[in-house]
Amino acid sequence: MKRQVIAIGKGIGFSKKEGDLIDESKNETVFNFINEEMKKMNLEILNFLDI
């Protein structure tokens, strides 16, 4: 099962393509979408962030 997350960190997606692994040491924040309720809550939080 694929896991859907949003990971935030400096340079985390540089030169990456869909499906590539990321360097977990660059993660500053990770939003997990475990279920629809968590997905909705995390997306609401992201709307308030200045990223």
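Residues numbered from 1 in each chain as written. Predicted model: local features only at pLDDT ≥ 70, side-chain atom pairs only at ≥ 80, totals over all residues. Heavy atoms only, no water.

A. Spatial organisation of the overall build of the protein. Secondary structure assignment for the protein yields one helix and two strands. The linear arrangement of helices and strands in the protein, starting from the amino end, is β-β-α. Taken along the three principal axes of its C-alpha coordinates, the protein extends 30 × 30 × 15 Å. Counting only residues that meet the buried cut, the protein has 14% of its 51 residues in that class. (Helix = DSSP H or I, 4+ residues; strand = E, 2+ residues; numbered from the N terminus. Buried < 20%, exposed > 50% of the residue type's maximum accessible area, 1.4 Å probe, protein only.)

B. Looking closely at a nonpolar patch on the surface. Taken together, the side chains of Met-41, Ile-45 and Leu-49 present a nonpolar region at the surface, about 240 Å² in accessible area. When you line up the elements, Ile-45 lands in helix H1 (residues 36-48). (Patch = residues over 30% accessible without salt bridge, like charges linked within 9 Å, V, L, I, M, F, W, Y side chains within 5 Å. Areas by Shrake-Rupley, 256 points an atom, 1.4 Å probe, with all protein chains shown as cover. Salt bridge = Lys/Arg side-chain N within 4 Å of Asp/Glu carboxyl O.)

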